[in-house]
Amino acid sequence: MPPRLRSCNLSPSTASSPISSNASVRPQCISQPARSLREFSQSPCPQTTLRRRRFYEWMNGPGRQLKEPLPSSTNYLGAYDRYGNLVRAGPGWSREKAKQAAGGEDQPAMKVEEVKADTDADGEATKVPEGQEDLDALEKAIREGEAEEKEAKTPPKDEEHDSKLPPETAEDLRPFPLNQYFRSQPVLSEDLREAIYQRVKRDGATVSLASVEFGVSNERVGAVVRLKQMEKEWVAQGKHLAIPYSKAVLDMLPTTPYVDSIKPANKGKRPITHEPINDLIVHPATRQQLFVPVSESRHFTRVDAGKAFDNNLQPADARIPHPELVQAERELAQGLSFEERRRLAEERLAKEQAEKRRIEEKKQEEIRAQKVVPQRRWDFVFKDVSVDAVGRDGRSHKGVGWRYGVPHDDRKKSVVKIPTKVEA
Amino acid sequence: MPRKKPRFHSLKKLNVRQDWSRWSLYSISQLRAPNVTTKTYFQQKWAAKASTRAYHGEQLREKKWKRQFKRSLPAVVPMEHKYLARYDGSEQAAGRGMGADSEDKKRTPPMTPYMQMTYYPLERRLDTAIFRALFASSVRQARQFVVHGLVNVNGKKMIYPGYQLNPGDMFQVEPSSVMFATGAQKTRSSLARKITREKAAARAEEREKNPARPPPHTSAVESTRDEPTPAELKKHMQALIEQVDELLEEDVKAKDKQKFRSFRQSVKKAISLWKTANPETISTLDTQFEFLKTQIAERSAAPSPKDPSAAAEPLISEEDQVKLRSAFEKLRLETEHTSAWNPKRNNAAPYATPWRPRDYMSAFAFIPRYLEVNQNICAAVYLRHPVARPGLAEVPTPFHIETGQLAFNWYLRRR
């Protein structure tokens with residue numbers, strides 16, 4: 001674990017006096033004598049090896065902080081330095097006080113203004129860009145929003161802000177300190193899930209619209225609706241939800257709060273983007289570097305670049321999950337009026353829905369064409385098959401029925417019998 | 001004589017395993033970047049492979065994993081729609097001949113850590129996904145859940161831990177098993193056992209000393225009160241509504257039972273203002289609420305002449321009614337479900353009651369973005385395969401990027 005320095009959180013008074021700062025190097029770590037015995041054993045272990053001693057020293061020293069979750073905060077290994085001190089905590093913070101405060105319905109989150117002032121002092125607080133590109137900036141915005149939410153819940157109290165915990169930095173969210181390319185990313189909060197469900201189910205918004213509105217990817221919107229639907233069914237059936245588990249887990253994870261724009265307190269606030277919604281998948285054809293000589297006078301666009309890599313490779317505008325956003329932006333740049341743009345958008349939506357309906361009808365048509373004979377336990381379904389499905393050599397796996405010389409592998413010893421898909 | 005099987009968690013050879021144990025935590029804290037100065041390349045690769053495989057899919061045989069290994073690693077690049085609308089890409093090729101005089105400072109996006117994605121095919125396995133969704137405390141436990149038939153995929157029982165999830169698959173674990181897997185273990189130290197034994201003995205002694213005496217006779221106090229005036233009622237209801245507001249504002253926490261009880265008492269007090277109500281008819285909170293509502297509706301329907309201001313506006317406005325209703329609903333749901341899992345003391349439960357998360361769980365609690373989890377029903381959806389993006393790899397791996405690189409190179413089979 002690379003050592004983390006607690007430079008930013010040293011208060012000016014301690015920084016100025018070297019003696020007191022030396023004294024405050026290990027304030028949070030309770031130095032306990034290494035327990036001579038385990039919980040179950042009464043006798044001291046005579047032959048503790050060096051390794052075991054070190055293990056228990058670490059578990060009773062720095063590891064002690066990780067045993068129980070921090071109240072309403074994440075608690076990862078990356079947030080501590082090698083002595084078990086919480087790096088982001090101010091000098092006045094202590095775990096016991098935080099726990100008491102949480103017990104007495106008060107949450108230890110520093111006020112957002114203070115945090116912002118702190119980061120301004122560090123000189124790293126830049127204006128959060130609206131863009132989708134910078135993941136770090138996105139997640140920082142989420143964290144600030146979360147802190148704000150927590151602050152809004154707590155009644156305002158005149159306390160010294162030393163005793164509160166500032167929101168996490170990107171480093172504090174590393175469960176594996178050595179892997180700097182992985183961090184615990186925020187999950188949707190309960191309120192946000194409910195809001196997405198209501199928007200789609202009650203208001204009838206399309207998935208892509210909800211995705212743009214909440215800053216949540218298309219697939220996630222679909223999944224949230226599906227899971228919420230199931231949750232409501234459980235409640236209706238009287239099954240017991242795992243609420244204690246849910247609360248404990250969501251308390252340990254970073255969450256994206258829901259900014260309800262209807263509430264008067266949130267007037268003028270933008271909804272917090274959960275994740276980048278326009279992810280472009282890296283096409284395998286573009287993995288290699290390509291040198292294409294092009295005359296300087298030629299207008300060489302993205303479309304041409306795609307063609308150079310692969311003849312079937314479409315430009316990014318068509319391959320991202322929300323091409324309609326690009327289209328809308330282009331129309332805005334063309335200077336079309338609001339009514340005009342609205343009409344165009346409606347036309348596009350109608351076209352899309354017609355296409356969807358057509359596909360759905362085709363599927364229904366196919367199902368209707370099948371002959372179904374209901375039986376006691378199973379239904380027999382008759383489908384039309386083609387003899388040509390066996391392929392040229394007659395050995396294609398798509399062929400139907402028993403063919404001479406082509407054995408069924410499905411009961412053979414070395415063939416994998418795990419299903420490859422389960423119909424939803 | 002066969003070789004002794006090595007310990008799963010050994011302090012001699014520190015291995016990070018996919019579980020929430022203190023040994024794994026200690027091993028993570030002791031991990032270092034690979035030693036590249038004194039070892040040969042082969043040795044480096046071997047060591048990297050050994051340590052990463054001890055974490056990723058250690059329950060699989062090497063050959064099974066080797067067949068799954070893919071050298072092409074998936075990645076995405078986040079695009080900005082505004083940029084795509086404004087430029088058609090030709091501006092990137094613009095040189096001095098196109099009139100571009102000065103070179104603008106180009107933003108370099110952070111590096112895409114492909115090399116941390118070596119083990120991404122294993123994240124598709126059902127058992128690993130259950131562990132990543134925080135439904136089991138280790139991959140082996142998740143595997144056991146699957147084999148024991150406690151897991152459904154898309155509503156059908158799936159007994160193969162090696163099932164490769166497809167994007168959009170929903171998997172669901174039995175909530176009682178999840179509570180067991182993630183809850184604190186039910187152990188009692190010898191000291192705690194001794195204390196309870198002593199207490200029981202003391203209680204028995206006490207009982208022997210003074211035998212039970214009949215409970216003192218308490219006469220039911222009949223409240224002789226008149227019908228309340230509308231003004232009084234209104235005041236009372238307003239107090240109630242304020243209380244509801246408070247309840248709605250704050251999240252109901254561990255102390256929710258106490259709050260719920262006090263709230264219910266205040267409701268009872270409000271009801272006791274009417275003589276007509278008897279406790280049997282209004283035993284549940286729901287019926288209590290219905291009762292309150294109908295009574296108030298009657299009262300407001302027949303306006304009393306002496307208090308015109310109260311009659312002009314109904315005692316409970318529409319908005320307040322909605323608030324009351326939602327508060328009732330929320331409280332009812334939470335207390336019902338929480339008390340179902342946390343009875344006062346349940347020796348039959350396989351976890352320590354009342355339920356609390358297992359030790360060291362918070363250090364391992366993260367949910368990768370390729371899963372969407374609903375903790376209430378212990379179900380999750382596998383959204384897509386894990387990908388690398390600039391500055392971030394979605395496969396959770398505790399190792400240094402150089403270790404990942406060496407392990408990837410091992411499986412390229414050019415050694």
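Nothing here was measured: the structure is a model prediction, and the numbers come from that model.

*Asks:* Hey, could you run me through the overall build of chain B in this one?
*Replies:* Helix and strand counts for chain B stand at 15 helices and 8 strands. Counting over 415 residues, chain B shows a buried share of 47%. Pairs at least 24 residues apart make up 72% of the contacts formed inside chain B by residues separated by at least 6 positions.

*Asks:* How should I be thinking about helix α15 (residues 401-411) of chain B in this particular structure?
*Replies:* At 3.6 residues per turn, the α-helix brings residues three or four places apart onto the same side. Residues and elements named next belong to chain B. For α15, a buried count of 8 out of 11 residues is recorded, marking the element as mostly surrounded by other parts of the structure. Within α15 the residues assigned to the buried category are I401, T403, G404, L406, A407, F408, W410 and Y411. In this structure, the buried residues of α15 make contact with α2 (41-55) and α3 (62-68). Backbone geometry just downstream of α15 places R413 in the positive-phi region, at approximately 60°.

*Asks:* Before we go on, may I ask you to explain the pattern of salt bridges in this structure?
*Replies:* Side-chain pairs of opposite charge can arise where the charged atoms are in close proximity. Residues and elements named next belong to chain A. Going through the model one piece at a time under the given rule, you end up with 31 salt bridges over all chains. With its nearest N and O atoms 2.8 Å apart, the salt bridge here joins R220 to E275. Of this pair, R220 sits in helix α9 (residues 218-237) while E275 sits in the loop between β2 (255-256) and β3 (279-281); the two residues are 55 residues apart in sequence, bridging distant segments of the chain. For the pair shown, R220 and E275 are each scored as buried.

*Asks:* Please explain the side chain of S189 of chain A as it appears in this structure.
*Replies:* Within the secondary structure, S189 of chain A sits in the loop between β1 (187-188) and α7 (190-201). Residue S189 of chain A is classed as buried on the basis of its relative accessible area of 11%.

*Asks:* Quick question: what am I supposed to make of the nonpolar core here?
*Replies:* Formed by 75 residues in total, the largest nonpolar core has its most connected members in Y245 of chain A together with L126, I130, F135 and F171 of chain B. The biggest single contributor to this core is helix α10 (residues 243-252) of chain A, with 5 residues. Filtering out sequence-adjacent residues up to four positions away, L126 of chain B remains in contact with V146, V151, V153, M158, Y160, P161, Y163, L165 and F171 of chain B. Judged by nonpolar contacts, the second largest core, of 23 residues, contains Y181 of chain A together with W65, A393 and I401 of chain B.

*Asks:* Hey, could you run me through the UniProt feature "coiled-coil region" (unreviewed entry) in chain A in this one?
*Replies:* Residues annotated in UniProt with the feature "coiled-coil region" (unreviewed entry) correspond here to residues 342-369 of chain A. Structurally, residues 342-369 of chain A is divided into 100% helix and 0% strand, and its ends, taken at the C-alpha atoms, are 40 Å apart.

*Asks:* Would you take a moment to explain the packing of α7 of chain A against helix α8 (residues 207-214) of chain A for this structure?
*Replies:* How two helices pack is summed up by the angle between their axes together with the distance between the axes. Residues and elements named next belong to chain A. Two elements in contact, α7 and α8, have axes whose closest approach is 10 Å; the angle formed by their N-to-C orientations is 145°. Note on packing geometry: the crossing formed by α7 with α8 is right-handed. Counted together, L192, A195, I196, R199 and V200 of α7 and L209, A210, E213 and F214 of α8 form the full contact between these two elements. Class assignment for the residues of the contact of α7 with α8 results in 7 nonpolar, no polar and 2 charged.

*Asks:* I'm lost on the confidence of the model for chain B in this one. Help?
*Replies:* Detailed reading of the predicted coordinates is not advisable wherever pLDDT is low. In the predicted model, chain B carries a mean pLDDT of 80, and the fraction of residues at 70 or more is 70%. Every residue in residues 302-314 of chain B is under pLDDT 50, and counting partners more than four places away or in other chains gives 7 contacts.

*Asks:* Honestly, the packing of aromatic side chains in this entry has me stumped. Any pointers?
*Replies:* Each aromatic ring pair is characterised by the separation of its centres together with the angle its planes make. Applying the stated criterion across every chain yields a total of 25 aromatic pairs over all chains. A ring pair is formed by F55 of chain A and Y56 of chain A, whose centres lie 5.1 Å apart and whose planes are at 70°; its orientation type is edge-to-face. The class of F55 of chain A is buried, set by a relative accessible area of 1%. Among the aromatic residues, ring-to-ring pairing joins F55, Y56 and W58 of chain A together with W23 and Y26 of chain B into one connected group. Seen from the ring of F382 of chain A, K371 of chain A lies directly overhead, with NZ or CZ sitting 5.9 Å from the centre.

*Asks:* Sorry, what's going on with the interface of chain B and chain A here?
*Replies:* Contacts between chain B and chain A engage 112 residues on the former and 97 residues on the latter. Where chain B abuts chain A, roughly 9,400 Å² becomes buried across the two surfaces, and 60% of that area is made up of carbon and sulfur atoms. By the criterion of area lost to chain A, the three top residues of chain B are R369, Q375 and N376 of chain B, representing 9% of everything that side buries. Put simply, R220 of chain A and E372 of chain B hold a salt bridge, and the shortest N to O gap is 2.8 Å. Counting across the chain B and chain A interface gives 35 residue pairs in polar contact (both at pLDDT 80 or more).

*Asks:* Help me out: how do you make sense of the UniProt feature "domain: RNA-binding S4" (unreviewed entry) in chain B in this one?
*Replies:* What UniProt calls "domain: RNA-binding S4" (unreviewed entry) maps, in this numbering, to residues 124-184 of chain B. The distance from the first to the last C-alpha atom of residues 124-184 of chain B is 28 Å, and the span holds 39% helix and 16% strand.

*Asks:* I'm lost on the side chain of S184 of chain A in this one. Help?
*Replies:* Within the secondary structure, S184 of chain A sits in the loop between α6 (135-153) and β1. A distance of 2.8 Å separates a polar atom in the side chain of S184 of chain A from a polar atom in the side chain of Y76 of chain A. When near neighbours in sequence (up to four residues on either side) are disregarded, S184 of chain A contacts Y76, L173, P175 and P254 of chain A together with A365 and F366 of chain B.

*Asks:* How do you make sense of the sheet that holds strand β3 (residues 156-157) of chain B when you look at a structure like this?
*Replies:* Backbone-to-backbone hydrogen bonds pair the strands of a sheet. The strands run either parallel or antiparallel. Residues and elements named next belong to chain B. If you walk across this open sheet you meet the 5 strands as β3-β2-β4-β6-β5, and the pairing is antiparallel. Here the strands that pair on one side only, and so sit at the sheet edges, are β3 and β5 (371-374). Where strand β2 (residues 151-153) lies against strand β4 (residues 169-173), 3 bridges are found, and the strand directions are antiparallel. Looking at the pairing, V151 lines up with V173 of β4.

Calculation notes
Residue numbers run consecutively from 1 along every chain, following the written order of its sequence. Chains carry letters from A onward and ligands carry numbers from 1 onward, assigned in written order. For this predicted model, a pLDDT threshold of at least 70 governs which residues receive local features, and a threshold of 80 or more governs which side-chain atom pairs are given and counted, while totals over whole chains, interfaces and linings are taken from all residues. Computation of side-chain values covers all heavy atoms of the structure but excludes hydrogens and water. By the criteria applied, helices consist of DSSP H or I runs no shorter than four residues and strands consist of E runs no shorter than two, each listed in order from the N terminus. A simple rule labels every residue: compare its accessible area, found with a 1.4 Å probe on the protein chains alone, to the largest value its type can have, and call it buried under 20%, exposed over 50%, or partly exposed in between. Contacts between residues were defined by any pair of non-hydrogen atoms, one from each residue, lying within 4.5 Å. Between Lys or Arg on one side and Asp or Glu on the other, a salt bridge is scored when a side-chain nitrogen of the former is within 4 Å of a carboxyl oxygen of the latter. Residues belong to one nonpolar core when they are buried, are Ala, Val, Leu, Ile, Met, Phe, Trp, Tyr or Cys, and are joined through side-chain atoms within 4.5 Å. UniProt positions are given in the numbering used here, feature names are shortened, and annotations may be inferred rather than shown by experiment. Axis lines are fitted to C-alpha atoms, over the contacting stretch for helices. Their N-to-C directions set the angle, which ranges from 0 to 180 degrees. Working rule for handedness: look at the near helix, and if it is turned counterclockwise from the far one by less than a right angle, call the crossing left-handed; if clockwise, right-handed. Gly falls in the polar group here, along with every residue not listed as nonpolar (Ala, Val, Leu, Ile, Met, Phe, Trp, Tyr, Cys, Pro) or charged (Asp, Glu, Lys, Arg). Values of pLDDT, which run from 0 to 100, indicate the predictor's confidence residue by residue. Here a pair means two rings of Phe, Tyr or Trp (six-membered ring of Trp) with centres within 6.5 Å. Their orientation is stacked below 30 degrees between planes, edge-to-face above 60, and tilted elsewhere. Both a distance and an angle decide whether a charge sits over a ring: NZ of Lys or CZ of Arg must be within 6 Å of the ring centre and within 35 degrees of the ring normal. Buried area, as used here, totals the accessible surface that two parts lose on assembly, with accessibility defined by a 1.4 Å probe and the loss added over both. Polar contact is defined as a pair of N or O atoms within 3.5 Å, subject to the rule that within protein one atom must be able to donate a hydrogen and the other to accept it, and that residues adjacent in sequence are counted only when both atoms are side-chain atoms. We call two strands paired when DSSP finds no fewer than two bridges between them.

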